[in-house]
Amino acid sequence: MDFEFSPEQVAIRDTIRELVQDRVAPRAAEIDQTGEYPKDIEKLFADNGILGIPFPEEYGGISGSSVTICMGIEEIAKACASSSLILAVQALGSYPILVAGSEEQKKRLCPPLAAGERVAAYALSEPGSGSDAAAMTTRAKKHGDEYVLNGTKQFITHGSVAGTLVVFAQTDPSAGSRGISAFVLERESSPWKVEKLEHKLGIRGSPTAQIVLEDVKVPASNRLGDEGAGFKIALAVLDRSRPGIGAQALGIAEGAFAYALNYVKERHQFGQPIASFQGIQFMLADIATQIEAARHLVFRAATKVDSKAQDLTKVAAMAKLFASDMAMRVTTDCVQLLGGYGYISDYPVERMMRDAKITQIYEGTNQIQRVVIARALLR
Amino acid sequence: MDLELAPEHASLRAAVRELAQASVQPFAAEVDREHRFPEESVRAVAEAGLMGVLIPREYGGAGLDALAFAVCIEELAQACASTAVIVDVHTSVGTEPILLFGDEEQKRRWLPRLASGELLGAFALTEPASGSDAAALQTSAPRNGAGYVLNGTKVFITNIGRAGLYVVFARTGNEDRAAGVTAFLVPGDAPGLRVGQVFDKMGLHGSPTGELVLEDVNVPVANRLGAEGAGFPIAMRALDSGRIGISGQALGIAQVAIDEARELMRERGHDQGDDFTLADLSTRVESARLLAYHAAWLCSRGRPFTREASMAKLHSTDTAMQVALDALQIAGDEGARQGSPFERHVRDAKALQIYEGSNQVQRVVIARELLKTR
C-alpha cells in the first residue's frame with residue numbers, strides 16, 4: 001500500500017492550491033451570489049493546464065489519471081464547488097471519448113479539450129428519464145452518413161457553455177437500453193439549443209441547462225462505439241466520474257471544516273474559546289474522522305479507475321455515496337459550529353452547505369448508488 | 001498511490017483466513033456459550049506462529065509490520081472475536097512495550113517466549129478509580145533495595161489469569177499524575193500477584209477480564225521497563241498501536257456480520273429496504289478498513305499516527321456496533337435468538353466502543369490533535 005501522491009501529483013496539487021487561493025477563493029462568494037459562470041476561472045484553468053488533467057499526454061493532456069483528477073477537483077472544491085465542476089465536467093464530458101472513442105476520434109476530439117480551448121458536457125438525463133436512464137426518448141435517426149437527433153435533455157451541467165457535448169440517444173427504440181447510442185456534438189457543426197437555465201439551491205455558478213435538440217445533424221464519424229453501445233458507455237463513464245463527485249464532496253467538506261475549525265478557536269463565549277468545550281470538540285473529532293474516512297474511499301475508487309479494477313462499479317458508488325452523505329452532514333454541522341454567523345452569507349459555510357446537497361443527487365442519486373452497491377454485493 | 005494490500009499482506013490474509021476458519025471459527029459459538037477460554041484456538045494461532053507477528057525474527061517472532069498485525073486480527077475476529085482480542089492484547093499492549101522500550105536483556109528474556117505463545121501477554125493500566133483518566137492511577141511501587149514493591153488493584157485486565165506476563169503501571173515517585181508513573185514487567189506467577197474477581201460480561205465470553213491484585217509484589221530493577229517516571233508515555237504509545245489492533249477486530253466482526261446477513265438475504269430473498277441497509281453497512285466498513293490500514297501504514301513507517309489510530313478505532317468500532325445491530329435486524333427473529341451469531345456479534349461489538357480508550361476518549365484525542373497548531 002501507499003497512501004501518498006506521487007511527487008508529480010504533489011507538484012500539480014500545489015500549483016492548483018496556489019491558483020485557487022489567489023484567484024478562485026476570492027471570487028467564490030460573488031460567483032454564488034450572481035449565479036454567473038466564471039468564464040475567467042475557466043480560462044485560468046485552461047491557461048494553467050488544469051483542463052488537460054483528464055487527458056493522457058498522447059491526446060494533448062498532462063495526466064489522464066483519476067487520482068490526479070480527483071486531487072484537482074478536491075483542491076478547487078475546498079474554495080468553490082462551482083469552479084470545481086469546470087474540471088469535473090471536463091472529465092465527465094471527455095470520458096465517453098476516452099473510453100469508447102476510436103483512435104481517430106480521440107486524436108481529433110481530445111486535443112482542443114485538453115488545451116482548454118473548449119469545454120465538454122455530458123447529456124444523458126431527460127425530463128422523464130432520470131434514475132431510469134434507459135427510458136430516454138431522444139431519437140437519433142440515420143440518414144446516409146449522418147444522424148439526425150431530436151429530443152430534450154435535462155439538467156445538463158455546462159450544456160450552455162460547452163463546445164463539445166456527448167449526447168445519448170435511441171437509435172433503435174424497440175431495443176430498450178440496447179438501442180441507445182452515443183454521439184459527440186460539436187457546437188459549430190451540430191448546434192443545440194439551450195431552452196432554459198435552472199435556478200438552483202447550490203453550485204449556482206455552474207450553469208445547468210435544459211437542452212433541446214431539433215433536427216441536429218451529427219456526422220456518423222462522431223458516433224462513439226457501435227450503435228446500441230451507448231448505454232454501456234454511459235454506465236462505464238459514470239463508474240469513472242463518480243469518484244470525482246466524491247472528491248468534490250470531500251473538498252466542500254474540507255473547505256467548510258477548515259473554516260469552522262479556525263472559527264471555534266477564535267470565537268470566545270463564557271470567557272473562553274468555544275473550542276475548549278467538549279461538546280464542540282466531539283463535533284470536531286467526528287467531522288474530521290468522517291472526512292478522513294471519505295477521503296480514503298474516494299482515492300481508493302480513483303486508483304480502481306486507473307487500474308481498471310473489476311470491482312470499480314461498486315467501489316466508485318461507495319465513494320460517491322459515502323463522501324456526499326458525509327459532506328452534507330459535515331457542512332450542516334459546520335454551519336452549526338458558527339451559530340448565527342453560519343447561517344448568513346457573509347460567511348462561506350452556508351454556501352458550502354447548499355453546494356453539498358447536489359453531490360447526493362447528481363451522477364446517480366445516493367439511492368441509485370445503494371442499488372448499485374447492493375446489486376454488486378448480492379450478485 | 002496504491003490502496004490495495006501488497007502481495008505479502010494479501011497472502012498473509014489468505015493464510016490467516018484459512019487457519020482461522022479451520023481452527024478458530026468452529027469453537028466460537030461454544031466458547032461464547034460456555035464462557036470458556038478458547039484453548040484450541042489460541043494454540044492453533046500460536047502453532048501458526050501468529051503470537052509474535054510484530055516481534056523481530058531475531059527474537060523468535062515473524063517480524064511483520066503493523067499492517068500485517070491489523071490484517072491478522074481482522075481475520076481472527078471474523079472467526080471469533082474473543083480469540084481476536086486475546087491475541088490482540090497479547091501482541092500489542094502486552095508485548096509491544098517490551099519491543100519498543102525494553103533493553104536488550106529484557107527483549108532476549110521475554111520476547112521469544114511471548115512470540116512462541118508459551119507466555120501470554122497482558123496490560124495492566126486501568127484501576128477502579130482510574131479509567132479514562134489513566135494518569136490518576138494509584139498502584140504504588142516504592143523503591144525497596146534491589147527492587148520495587150507493588151501494591152494496588154488493576155481492573156478490566158484482558159487475559160487475566162491466563163497471562164504469563166503483565167505489563168503493570170504503578171507510581172514510583174511522588175510526582176504529580178503522569179510524571180510519577182513507571183512500567184514494570186510482572187510474571188504471572190510472581191508471589192503476591194493474584195487474580196481477583198473475574199467478570200461476567202455481555203460479550204467476548206471467551207476472553208477473561210478481571211481484577212489483578214498486587215500485594216507486596218517484589219519486582220527487581222531488571223523488570224522495570226524504561227526509566228522511573230517514563231511509564232505514562234509507554235502506556236500511551238502502546239495504546240496507539242493497540243487501537244490499530246482493535247480496529248482490526250472491529251473490522252472482522254463487522255465483516256462477518258455483513259457476510260452472514262448477505263447469505264441470509266440470498267437464501268430467503270430481499271427487498272430494497274434491506275438492500276439499502278446492506279449497501280450502507282458495506283460502504284461504512286470499507287471506509288473504516290481504509291482508516292485502519294492508513295494508521296497501520298503510518299505506524300509501519302515510523303510516522304506519527306496517534307490521530308489516525310484514534311480515528312480508525314472510533315470509526316471502525318462505531319461501525320462494527322451499527323453493522324452488528326443492523327445485521328441482526330435484517331436477520332429478524334432468528335438473529336435475536338440466543339446462540340445466533342447475529343446476537344453474539346452485537347454483544348461482542350459493544351466492548352470495542354469501550355475498551356482501549358472509550359470512543360469518547362478517542363474524540364478527546366482527535367480533537368486535541370486537531371486543535372494543536374500544526
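As shown above, the structure is provided for reference.
Keep in mind it's a predicted model, so treat the numbers as computed, not measured. (Residues numbered from 1 in each chain as written. Chains lettered and ligands numbered in written order. Predicted model: local features only at pLDDT ≥ 70, side-chain atom pairs only at ≥ 80, totals over all residues.)

The biggest cluster of nonpolar side chains holds 257 residues, and the ones touching the most others in it are Phe 183 and Val 298 of chain A together with Leu 76 and Phe 184 of chain B. Ranked by residue count, the leading element in this core is helix α9 (residues 312-338) of chain A, at 17 residues. Once residues lying within four places of it in the same chain are set aside, the contact partners of Leu 76 of chain B are Val 16, Ala 20, Val 24, Val 45, Thr 83, Ala 84, Val 87 and Gly 252 of chain B. (Core = buried A, V, L, I, M, F, W, Y, C linked by C-beta atoms within 7 Å. Buried ≥ 20, exposed ≤ 12 C-beta atoms within 10 Å, placed from the backbone. Helix = DSSP H or I, 4+ residues; strand = E, 2+ residues; numbered from the N terminus. Contact = placed C-beta atoms within 7 Å.)

Compared with an ideal rise of 1.5 Å per residue, which puts 26 residues at 38 Å, helix α10 (residues 306-331) of chain B spans 37 Å between its outermost C-alpha atoms and is within 8% of the ideal. The buried count for α10 of chain B comes to 23 of 26 residues, which makes it a mostly enclosed element. (Expected span 1.5 Å × (residues − 1).)

Moving on, we come to the sheet that holds strand β5 (residues 181-187) of chain B. Backbone-to-backbone hydrogen bonds join strands into a sheet, with any given pair of strands oriented parallel or antiparallel. Residues and elements named next belong to chain B. If you trace the four strands from one edge of the open sheet to the other, you get β1-β4-β5-β8, paired in mixed fashion. Of all the strands in the sheet, just β1 (121-124) and β8 (224-225) have a single pairing partner and so form its edges. In this structure, β1 lies alongside strand β4 (residues 165-171), joined through four bridges in parallel fashion. Residue pairing across strands places Ala 124 opposite Val 168, the latter belonging to β4. (Pairing = 2+ DSSP bridges.)

Residues and elements named next belong to chain B. Counting through the fold element by element, Leu 251 comes out in helix α8 (residues 231-268). For Leu 251, a count of 30 C-beta atoms within 10 Å translates into the label buried. The sequence separation of Leu 251 and Asp 2 amounts to 249 residues, and the corresponding C-alpha distance is 20 Å. Among all residues touching Leu 251, those that are not within four sequence positions of it are Glu 74, Val 285, Ala 288, Arg 289, Ala 292 and Ser 316.

Attention now goes to the interface of chain B and chain A. It is common to give the size of an interface as the accessible area lost on bringing the parts into contact. Facing the 35 residues of chain B at the interface are 32 residues of chain A. Going through the elements one at a time, α8, α9 (272-300), α10 and α13 (359-371) of chain B are the ones with two or more residues in the side of chain B that touches chain A. Grouping the constituent residues of the side of chain B that touches chain A by class yields 21 nonpolar, six polar and eight charged. (Nonpolar A, V, L, I, M, F, W, Y, C, P; charged D, E, K, R; others polar.)

Turning our eyes to something else, we now look at the packing of helix α1 (residues 7-24) of chain A against helix α4 (residues 66-79) of chain A. Residues and elements named next belong to chain A. At a minimum axis separation of 9 Å, α1 and α4 run at an interaxial angle of 20°. One element, α1, and the other, α4, form an angle in the roughly parallel class. The crossing of α1 and α4 is right-handed. Here α1 contributes Gln 9, Ile 12, Arg 13, Ile 16, Arg 17, Val 20 and Val 24 to the contact with α4, which in turn contributes Val 67, Thr 68, Met 71, Gly 72, Glu 75, Ile 76 and Ala 79. A per-class count over the contact of α1 with α4 returns eight nonpolar, three polar and three charged. (Axes fitted to C-alpha atoms, helices over the stretch in contact; angles between N-to-C directions. Parallel < 35°, antiparallel > 145°, perpendicular 65-115°, else oblique. Left-handed = near helix turned anticlockwise from the far one by under 90°.)

On to the sheet that holds strand β3 (residues 147-158) of chain B. All names here are of chain B. Strand order in this open sheet of four strands is β2-β3-β7-β6, and the pairing throughout is antiparallel. Each having just a single partner strand, β2 (143-144) and β6 (193-198) make up the two edges of the open sheet. With four bridges joining them, β6 and strand β7 (residues 209-220) adopt antiparallel strand pairing. For Leu 193, the partnering residue across the bridge sits in β7 and is Leu 214.

What follows deals with the packing of α9 of chain A against helix α12 (residues 366-378) of chain A. Residues and elements named next belong to chain A. For the pair α9 and α12, interaxial distance at closest approach is 9 Å and the crossing angle is 145°. As for how α9 packs across α12, the hand of that crossing is left-handed. Contacts between α9 and α12 involve Thr 313, Lys 314, Ala 317, Met 318, Lys 320, Leu 321, Ser 324 and Asp 325 on the former and, on the latter, Asn 366, Gln 369, Arg 370, Val 372, Ile 373 and Ala 376. Broken down by class, the residue content of the contact of α9 with α12 amounts to six nonpolar, four polar and four charged.

Let us look at the pairing of strand β7 (residues 208-219) of chain A. Residues and elements named next belong to chain A. Strand direction decides the pairing type here: strand β3 (residues 146-157) and β7, joined by nine bridges, are antiparallel. Each residue of the ladder has a partner; that of Lys 153, found in β7, is Ile 211. When strand β6 (residues 193-197) meets β7, the two strands line up antiparallel, connected through four bridges. Counterpart to Leu 197 in the pairing with β7 is Ala 209.

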